[in-house]
Amino acid sequence: SLTLTAKAIEKLESELERKQAKPNEIFRLMGSSSGDFGMRLDEPTPDDVVLRNEGTPLLAVAPGLAARLADATLDVGQAPDEPEWVLVRGGSAA
């Protein structure tokens, strides 16, 4: 299944605070058929795959996208302002 690096977990947690997410909001990973992806704040649905850190929900992924990213890891790059999210699939950046 999709995994998160320690850096990505830390950044997701800090961004939820920085964006003043509502108590039931977490980030949603969204993908397109062209392979691009993005994130936004959203409430998870019962069908979502929810990635957690120590029981705390951080990231919701729709089941179809979660299946496509089963071998991927979400990491964060070194962008100075906004987080630069990087999906690594089976050892190579997507």
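The coordinates are above.
Residues numbered from 1 in each chain as written. Predicted model: local features only at pLDDT ≥ 70, side-chain atom pairs only at ≥ 80, totals over all residues. Heavy atoms only, no water.

(A) Structural view of the sheet that holds strand β5 (residues 56-61). Read from one edge of the open sheet, four strands run β3-β2-β5-β4, paired in mixed fashion. The sheet is open, and its two borders are formed by β3 (37-42) and β4 (49-53), each paired with just one other strand. Going across the sheet, the axis of each strand differs from the next one's by a mean of 30 degrees, ignoring polarity. Two elements, strand β2 (residues 26-31) and β5, share three bridges in a ladder whose sense is parallel. Opposite Phe-27, over in β5, you have Leu-59 as the bridge partner. (Pairing = 2+ DSSP bridges. Helix = DSSP H or I, 4+ residues; strand = E, 2+ residues; numbered from the N terminus. Axes fitted to C-alpha atoms, helices over the stretch in contact; angles between N-to-C directions.)

(B) Up close: the pairing of β5. Sheet topology note: the β4/β5 ladder contains five bridges and is antiparallel. Each bridged residue has a counterpart across the sheet, and for Val-50 the counterpart in β5 is Ala-60. Joining the antiparallel neighbours β4 and β5 is a turn of two residues, in which Glu-54 adopts a positive phi near 50 degrees.

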